[in-house]
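Here's the letter readout for the chains.
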Amino acid sequence: MDTLYSALNEENREVRLLTIQPSSISERVLQCSLQTFSLKDDPQFAALSYVWGDAAVTEKVIINGVSMAVTTNLAAALRSLRTCRSKDEGSPVQELPVFLWVDAICINQQDVPERNSQVRLMRDIYRSTAKVVSWLGPEADGSTEVISIFRSMAFDLSQLTEDDDQFEWVQRYPHLVEDSYYTERAASKASYRLTSIMALWGRDYWRRTWIFQEIVLARDVLIMCGEECIPWQDVTAVDKWLGAIKINDEHPPFMRNFLAPHLALSASWMRGPVQEIETLRRLWHTPSSDSKIKKASLQILRRNTILRATDPRDKIYGLLGLMRFDIVPDYSKSVRDVFTEAAAKHLEYFGLGETLNQAGIGYEDTFGLPSWVPNWNNLPRYWNQASGILMATSRTIDFILDKSKPDVLNVLVFQLGKITDLEPVDFRDQGPQELSMRVLDFCQNALARYGDRPYPTGIPILQAILRLVLESRALISHPNPGPEVGIEQLEVPSETFFHLALAFEFFLCTAGTPIPATDDETFPHNSSFEENLHRLGIPTDERYHCYFSKLFLGSDGLLGFWKDKGKPLKPSTLAENDIDEGMRYNLTGRKVFYAENWYIGIGPPAMKHGDYVCAIVGCPFPVILRQDLEGFKYVGRCCIEGWKQFVKEVNGGFGPEEIEIH
């Protein structure tokens with residue numbers, strides 16, 4: 001490679017750009033040339049955004065007369081670009097600039113200092129491109145038909161005015177609105193199309209760290225799959241229309257068959273990652289306040305839980321173009337050092353709450369990180385920030401980072417007792433049936449543990465568990481849903497809560513598979529359902545309503561909104577969604593613990609007996625700390641039902657102590 005690459009002038013902001021030599025024969029070896037330009041001269045070029053693929057599976061290309069091995073996915077992208085340029089008919093590829101920036105070729109990957117300097121230029125490179133070509137990969141799984149459908153839909157949408165019917169045009173696509181309810185053939189076609197759309201949005205491309213940054217920063221994007229292309233603005237036009245479908249219940253009759261019977265679900269699947277990316281694109285390409293940019297940065301970091309990178313350090317470096325962190329990329333640093341530096345910047349910019357939310361030794365760590373540093377390569381599921389109270393003092397700074405001890409975080413802590421017991425049931429990643437059975441086991445254990453004793457806040461134990469399951473979750477079942485409407489704001493008794501309690505009971509007793517009640521039964525006629533009800537202490541005879549109300553509402557005189565005992569008890573779909581999401585989101589990958597004074601909480605799976613339940617000054621949620629010979633370790637965030645009352649009961653008026661978290 002020494003004959004291919006000469007040194008780049010960093011001060012002159014130099015980059016190399018690639019030219020693909022034309023050929024109408026797709027099988028012919030790729031011939032390219034590489035030239036050096038300064039971004040100061042505003043060269044016209046496009047950038048290729050793609051997944052590198054398996055580095056062990058390569059293909060030879062010739063660049064400036066030198067043979068170079070590139071991954072087969074990159075070779076396929078270059079070959080498709082060459083083929084589309086050679087076609088007679090108009091292709092969007094033919095409108096691209098001649099020069100192309102491709103990171104694997106245009107950066108000397110063996111030169112670490114050059115890699116560092118080019119990564120620092122990444123934001124400028126992608127903002128300077130005339131267009132970014134998003135290469136999704138070769139044609140597969142019906143991708144050609146999907147792109148063709150989206151392209152046609154975008155054209156029809158572009159012809160609409162505000163006075164036009166927003167749905168009537170869909171009837172010009174009979175293959176989209178076939179009656180999939182009544183014909184097996186139409187249902188099969190609809191299923192195939194929906195599967196093809198999901199396959200397109202489910203490609204590995206959309207889950208790579210670098211690619212997320214590349215699309216957000218780009219001025220203009222052309223999506224390319226095989227030899228099919230569609231402009232990003234066409235995809236967003238369809239996405240916007242699908243978003244309107246999702247919230248509009250007054251659809252014409254023919255719309256019920258649009259791509260699949262369940263319209264809202266289809267719309268969600270069809271939108272894929274587009275909505276989130278486009279929201280961030282608009283923010284980054286329009287003047288915005290610092291608060292909006294900070295909010296966008298948080299969205300980006302939270303999305304990092306599902307983004308992937310071959311080099312763990314790229315979970316930080318691959319997003320620097322979208323962040324306000326003054327971090328200088330340096331691939332000579334270890335993963336541990338890179339993540340620790342990023343955590344320190346994260347603390348300074350976002351504070352304790354956002355940083356500690358996804359840190360802790362209670363989760364997997366393969367890099368020997370300080371316990372307060374998030375493992376950016378494998379973040380646990382994000383907790384919403386809703387629960388807890390903010391413990392404050394007169395100190396203006398909530399934490400101290402000493403540069404002489406970069407691994408140590410100094411904080412003020414209120415120790416609020418220890419973990420007294422751990423629930424034997426754990427909630428590993430599993431399907432709804434297994435999850436429901438494990439929660440049912442937990443409920444039965446808790447009922448036996450508490451007996452006739454109410455929860456410390458005075459509510460029934462099953463209501464406490466329900467509240468714990470829905471902790472930090474906005475309730476879509478509320479009449480006026482919003483991010484601020486959670487279980488804490490819900491009145492009991494109320495119709496919304498009654499539906500939630502019923503949905504919770506159904507989820508447990510039907511093993512996560514709701515069974516619709518018939519017109520003449522008060523609960524599903526199912527032996528396992530009845531058996532599971534008995535495990536909760538609820539009979540299946542005429543006393544059902546009274547016991548249900550007593551165990552969830554605290555009084556057998558509150559029969560709720562089904563005073564007619566002959567009326568079927570079936571929870572609303574919205575309540576079922578709340579329970580299903582709450583179960584999966586708050587419980588999966590976590591463990592239940594018991595704290596002092598009979599309180600119940602949820603925390604990291606690696607908690608131990610004797611770990612401390614604490615409140616950290618400046619952090620809006622309770623945490624678990626562990627003391628060992630080195631000092632304190634941060635185990636992770638936790639959640640306790642009745643947290644505010646718990647603090648009042650166990651704090652005893654004592655002030656905080658300053659500790660070091662290693």
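Structure: see above.
Just so we're clear, the structure is a prediction, and the values are computed from it rather than from any experiment.

Trainee: Any chance you could explain the overall build of the protein here in plain terms?
Mentor: On a plain count of helices and strands, the protein comes out with 21 helices and 18 strands. Buried positions account for 54% of the 662 residues belonging to the protein. Of the contacts made within the protein by residues no fewer than 6 positions apart, 70% connect residues no fewer than 24 positions apart. Element-wise, carbon and sulfur atoms account for 50% of the exposed surface of the protein, whose accessible area totals about 29100 Å².

Trainee: Could you clarify how one ought to interpret the pattern of salt bridges in this entry?
Mentor: Within this structure, the stated rule accounts for 23 salt bridges. The partner of Glu278 in a salt bridge is Arg281, and the shortest N-O contact between them spans 3.6 Å. Pair noted here: Glu278 and Arg281 are both in helix H10 (residues 274-284), with a separation of three residues, about one helical turn. By relative accessible area, which is 15% here, Glu278 ends up buried. Arg449 is the salt-bridge partner of Asp421, the closest N and O atoms lying 2.7 Å from each other. One end of the pair, Asp421, is in strand E11 (residues 409-427); the other, Arg449, is in helix H15 (residues 432-450), and 28 residues separate them in sequence. Residue Asp421 is classed as partly exposed on the basis of its relative accessible area, which comes to 22%. By relative accessible area, Arg449 is classed as partly exposed at 33%. Through salt bridges with shared partners, a single network forms among Asp204, Arg207, Arg208 and Arg308.

Trainee: Quick question: what am I supposed to make of unusual backbone geometry here?
Mentor: Leave glycine aside and you will find that most residues have negative phi; peptide bonds, for their part, are mostly trans. Phi angles above zero are rare outside glycine, and Arg13 is one such case at about 55°. Positionally, Arg13 belongs in the segment before strand E1 (14-20). Residue classification places Arg13 among the partly exposed positions, given a relative accessible area of 24%. The backbone of Asn64 shows a phi angle near 50°, a positive value even though the residue is not glycine. Within the fold, Asn64 resides in the loop between strand E4 (58-63) and strand E5 (66-71). Using a relative accessible area of 41% as the deciding quantity, one classes Asn64 as partly exposed.

Trainee: Sorry, what's going on with the nonpolar core here?
Mentor: Soluble globular proteins tend to bury their nonpolar side chains together. If you look at the biggest cluster of nonpolar residues, it comprises 123 residues, and the most contacted ones within it are Leu48, Leu78 and Trp101. By size, the runner-up hydrophobic cluster in this structure holds 69 residues, among which are Leu502, Phe552, Leu587 and Val613.

Trainee: Can you walk me through the side chain of Arg590 in this structure?
Mentor: By the element assignment, Arg590 lies in strand E12 (residues 590-595). Classification of Arg590 as buried rests on a relative accessible area of 2%. One polar contact links the side chain of Arg590 to the main-chain carbonyl oxygen of Asn586, over a distance of 3.4 Å.

Trainee: How should the environment of Asp578 be read in this particular structure?
Mentor: You can see Asp578 is positioned in helix H20 (residues 573-587). Its relative accessible area of 5% is what places Asp578 among the buried residues. Sequence separation of Asp578 and Val469 is 109 residues, and the distance between their C-alpha atoms is 9.8 Å.

Trainee: Even after reading the chapter, I still don't get a negative patch on the surface, so can you show me in this structure?
Mentor: Together, Glu162, Asp163, Asp164, Asp165 and Glu168 make up a region of like negative charge exposed at the surface. Residue placement: Asp163 occurs in the loop between helix H5 (143-158) and helix H6 (184-201). Take Asp163: its relative accessible area is 76%, and that puts it in the exposed class.

Trainee: Got a minute to help me understand the environment of Val57 in this structure?
Mentor: One can find Val57 in the loop between strand E3 (45-49) and E4. Note on Val57: relative accessible area 40%, which makes it partly exposed. Each C-alpha atom of the pair Val57 and Asn73 lies 9.2 Å from the other, and the pair is 16 residues apart in sequence. Discounting chain neighbours no more than four positions away, the residues touching Val57 are Val70, Thr71 and Thr72.

Trainee: Would you mind going over the packing of H15 against helix H16 (residues 461-469) with me for this structure?
Mentor: The angle between the axes and the distance between the axes are what describe a pair of packed helices. Where H15 contacts H16, the axes come no closer than 10 Å and their chain directions differ by 140°. One way to sum up the angle between H15 and H16 is to call them oblique. The two elements H15 and H16 meet at a crossing, and its hand is right-handed. Within the contact between the two elements, H15 uses Phe442, Cys443, Ala446, Leu447 and Tyr450 and H16 uses Ile461, Leu462 and Ile465. Per-class residue counts for the contact of H15 with H16 are eight nonpolar, no polar and no charged.

Trainee: Where do I start with the packing of aromatic side chains in this structure?
Mentor: Two measures describe an aromatic ring pair: the distance that separates the ring centres and the angle between the ring planes. For the coordinates displayed, the defined rule picks out 17 aromatic pairs. On the basis of an interplanar angle of 80° and a centroid distance of 5.7 Å, the ring pair of Phe339 and Phe367 is categorised as edge-to-face. One end of the pair, Phe339, is in helix H13 (residues 335-350); the other, Phe367, is in the loop between helix H14 (352-356) and strand E10 (399-401), with 28 residues separating them in the sequence. Residue Phe339 is classed as buried on the basis of its relative accessible area of 0%. A residue is classified by how much of its surface remains accessible, and Phe367, at 22% relative accessible area, is partly exposed. Ring centres of Tyr455 and Tyr599 lie 5.7 Å apart, and the angle between their planes is 80°; this geometry places the pair in the edge-to-face category. Of the two residues, Tyr455 is situated in the loop between H15 and H16 and Tyr599 in strand E13 (residues 599-603); the sequence distance between them amounts to 144 residues. Judged by its relative accessible area of 1%, Tyr455 falls in the buried class. A residue is classified by how much of its surface remains accessible, and Tyr599, at 0% relative accessible area, is buried. Members of the aromatic cluster, each reached through a chain of ring pairs, are Tyr450, Tyr455, Trp598, Tyr599, Trp643 and Phe646. The side chain of Arg115 reaches across the aromatic face of Tyr331, ending 4.1 Å from its centre. A cation over an aromatic ring shows up here: Arg449 above the ring of Tyr594, its NZ or CZ 3.7 Å from the ring centre.

Criteria and thresholds
- Residues numbered from 1 in each chain as written.
- Predicted model: local features only at pLDDT ≥ 70, side-chain atom pairs only at ≥ 80, totals over all residues.
- Heavy atoms only, no water.
- Helix = DSSP H or I, 4+ residues; strand = E, 2+ residues; numbered from the N terminus.
- Buried < 20%, exposed > 50% of the residue type's maximum accessible area, 1.4 Å probe, protein only.
- Contact = heavy atoms within 4.5 Å.
- Areas by Shrake-Rupley, 256 points an atom, 1.4 Å probe, with all protein chains shown as cover.
- Salt bridge = Lys/Arg side-chain N within 4 Å of Asp/Glu carboxyl O.
- Core = buried A, V, L, I, M, F, W, Y, C linked by side-chain atoms within 4.5 Å.
- Polar contact = N/O pair within 3.5 Å; in protein donor to acceptor, adjacent residues only side chain to side chain.
- Patch = residues over 30% accessible without salt bridge, like charges linked within 9 Å, V, L, I, M, F, W, Y side chains within 5 Å.
- Lys, Arg positive; Asp, Glu negative; His and termini not counted.
- Charge placed at Lys NZ, Arg CZ, Asp CG, Glu CD.
- Axes fitted to C-alpha atoms, helices over the stretch in contact; angles between N-to-C directions.
- Parallel < 35°, antiparallel > 145°, perpendicular 65-115°, else oblique.
- Left-handed = near helix turned anticlockwise from the far one by under 90°.
- Nonpolar A, V, L, I, M, F, W, Y, C, P; charged D, E, K, R; others polar.
- Phe/Tyr/Trp six-rings, centres within 6.5 Å; stacked < 30°, edge-to-face > 60°.
- Lys NZ or Arg CZ within 6 Å of the ring centre and 35° of its normal.

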